[in-house]
Amino acid sequence: MTGIALVTGGQQGIGFGISRALLAAGFQVAMASRSAPEKPAVKNALAALGPNAVYVQHDVSDIDNVSSCLDQVEAQLGPVTALVSNAGVGAPVRGDMLDLQPENWDFVQNINLRGAFFLAQEVARRMLAQPQNTYRSITFVTSVSATMVSVERAEYCVSKAAAAMMAQLFAVRLAPHGIGVFELRPGIIATEMTEGVREKYTDRIEGGLVPAARWGEARDIGSVIVPIAEGKLEFATGAAIPVDGGLSISRL
């Protein structure tokens, strides 16, 4: 086996594409999310991925149980060598940012930012405590919304912009120890999260919004994660990589 990957939100959408790609590359994969193990998405993911994938129930926003989550992964597979911090939520209600409610702000920040930070913190501590016998990496899956404004989902954009800085901070802190830290910024990806706006964005993509002229797929993200986790981008630590078909390139 190449290594042991923990993918938050790895049972569906972008996370499932990442899990599948890592398994195909020889990694063992632990998927973690707040979904109960008996949920169809979890059962279907485990059936599709096979014996080298396991599932751990963990709510990323519950930072008090981070150690328990990692203990379970280590008991089943061993110490994590590649963390893919992918779990996230969109804006609960899209609308005028002047009407944004504090509870919606807190909900998004607790998962996309606070939970992601403290999980990565504990993974980093454990990586540093282990002998360096294989390459280690942490990858934060953020969004083009880290720099592209959507005023109808301000809390989401702010969470991703802050997560971009989080990735830079971890990259600098861990670089002397040979632990690579990266940020991936997906664009418009066909997942459960974007199902409700499929018609809207299909029209805009066909109108030229995305230079690649198509929706992104979960496999597009997975194909970028693999060389990161394998250490092929080791000296590029701190890189923020757009995976968006050219969406975020400024154009006249």
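This text goes with the structure placed above it.
The rules behind the values
- Residues numbered from 1 in each chain as written.
- Predicted model: local features only at pLDDT ≥ 70, side-chain atom pairs only at ≥ 80, totals over all residues.
- Heavy atoms only, no water.
- Buried < 20%, exposed > 50% of the residue type's maximum accessible area, 1.4 Å probe, protein only.
- Helix = DSSP H or I, 4+ residues; strand = E, 2+ residues; numbered from the N terminus.
- Pairing = 2+ DSSP bridges.
- Axes fitted to C-alpha atoms, helices over the stretch in contact; angles between N-to-C directions.
- Parallel < 35°, antiparallel > 145°, perpendicular 65-115°, else oblique.
- Left-handed = near helix turned anticlockwise from the far one by under 90°.
- Contact = heavy atoms within 4.5 Å.
- Arc of directions from axis to C-beta.
- Patch = residues over 30% accessible without salt bridge, like charges linked within 9 Å, V, L, I, M, F, W, Y side chains within 5 Å.
- Areas by Shrake-Rupley, 256 points an atom, 1.4 Å probe, with all protein chains shown as cover.
- Salt bridge = Lys/Arg side-chain N within 4 Å of Asp/Glu carboxyl O.
- Phe/Tyr/Trp six-rings, centres within 6.5 Å; stacked < 30°, edge-to-face > 60°.
- Nonpolar A, V, L, I, M, F, W, Y, C, P; charged D, E, K, R; others polar.
- Right-handed = clockwise from strand over helix to strand, strands pointing away.

Draft legend 1. Structural detail: the pairing of strand β3 (residues 53-57). Most of β3 sits inside the fold, with four of its five residues counted as buried. When strand β2 (residues 28-33) meets β3, the two strands line up parallel, connected through five bridges. Across the sheet, residue Val29 finds its bridge partner in β3, namely Ala53.

Draft legend 2. The arrangement of the packing of helix α4 (residues 102-129) against helix α5 (residues 154-174) in detail. Relative to each other, α4 and α5 sit at 15°, their axes nearing to 9 Å. One way to sum up the angle between α4 and α5 is to call them roughly parallel. You can see that α4 and α5 cross each other, and the crossing is right-handed. Residues Asn104, Trp105, Val108, Gln109, Asn112, Leu113, Ala116, Phe117, Ala120, Gln121, Ala124 and Leu128 of α4 pack against Glu155, Tyr156, Val158, Ser159, Lys160, Ala162, Ala163, Met166, Phe170, Arg173 and Leu174 of α5.

Draft legend 3. Quick peek at helix α3 (residues 66-76). Every buried residue of α3 is accounted for by Val66, Cys69, Leu70 and Val73. Projected onto a plane normal to the axis of α3, the buried residues spread over an arc of 90° and lie on a single side. Once α3 ends, the next one or two residues include Gly78, with phi positive near 120°.

Draft legend 4. Broad picture of the environment of Ser137. Inspection of the secondary structure puts Ser137 in strand β5 (residues 136-141). Overall, Ser137 belongs to the buried group, its relative accessible area being 1%. Linking Ser137 and Thr194, residues 57 residues apart in sequence, is a C-alpha distance of 28 Å. Aside from chain neighbours lying at most four places away, what touches Ser137 is Thr81, Ala82, Leu83, Met127, Ile179, Gly180, Ile228 and Ala229.

Draft legend 5. Region of interest: a nonpolar patch on the surface. Taken together, the side chains of Met97, Leu98, Val149 and Val151 present a nonpolar region at the surface, about 450 Å² in accessible area. Within the secondary structure, Val149 sits in the loop between β5 and α5.

Draft legend 6. Structural view of the packing of aromatic side chains. This structure, assessed with the given rule, holds three aromatic pairs. Ring geometry for Phe117 and Phe118: centres 5.0 Å apart, planes at 80°, overall edge-to-face. On the basis of relative accessibility, which here comes to 29%, the residue Phe117 falls in the partly exposed class. Each ring, one from Phe140 and one from Phe170, has its centre 5.7 Å from the other, and the planes form 40°; the classification is tilted. Here Phe140, found in strand β5, pairs with Phe170, found in helix α5; they are 30 residues apart in sequence, far enough to count as distant. We classify Phe140 as buried; its relative accessible area is 2%.

Draft legend 7. Representation of the pattern of salt bridges. According to the stated counting rule, one finds nine salt bridges in the structure shown. Ionic pairing is found between Glu183 and Arg185, a salt bridge with its closest N-O pair at 2.7 Å. Here Glu183 matches Arg185 in class, with each residue buried. A salt bridge links Glu230 to Lys232, with the nearest nitrogen and oxygen atoms 3.1 Å apart. If you follow the salt bridges from partner to partner, you end up with Asp71, Glu74, Glu122, Arg125 and Arg126 in one network.

Draft legend 8. Molecular detail of the sheet that holds strand β4 (residues 82-85). Taking strand neighbours across the sheet as the criterion, the seven strands line up as β3-β2-β1-β4-β5-β6-β7 in an open arrangement whose pairing is parallel. This sheet does not close on itself; its edge strands, each paired only once, are β3 and β7 (240-243). The mean angle between the axes of side-by-side strands here comes to 20°, regardless of whether they run parallel or antiparallel. Pairing between strand β1 (residues 4-8) and β4: three bridges, direction parallel. When the sheet's bridge partners are listed, Leu6 is paired in β4 with Leu83.

Draft legend 9. Region of the structure containing the packing of α3 against α4. Contact geometry for α3 and α4: axes closest at 10 Å, N-to-C directions at 50°. The angle between α3 and α4 falls in the class oblique. The hand of the α3/α4 crossing is right-handed. Of α4, the residues touching α3 (which contributes Val66, Ser67, Leu70, Asp71 and Glu74) are Phe118, Leu119, Glu122, Val123 and Arg126. Residues belonging to the contact of α3 with α4 are distributed by class as follows: five nonpolar, one polar and four charged.

Draft legend 10. Local environment of the pairing of β5. For β5, the buried fraction is high: six of the six residues fall into the buried class. Side-chain alternation along β5 places Arg136, Ile138 and Phe140 on one buried face and Ser137, Thr139 and Val141 on a second face that is also buried. Where the polypeptide runs from β4 across α4 and back to β5, its parallel neighbour, the crossover connection is right-handed. As paired elements, β5 and strand β6 (residues 179-186) share six bridges and run parallel to each other.

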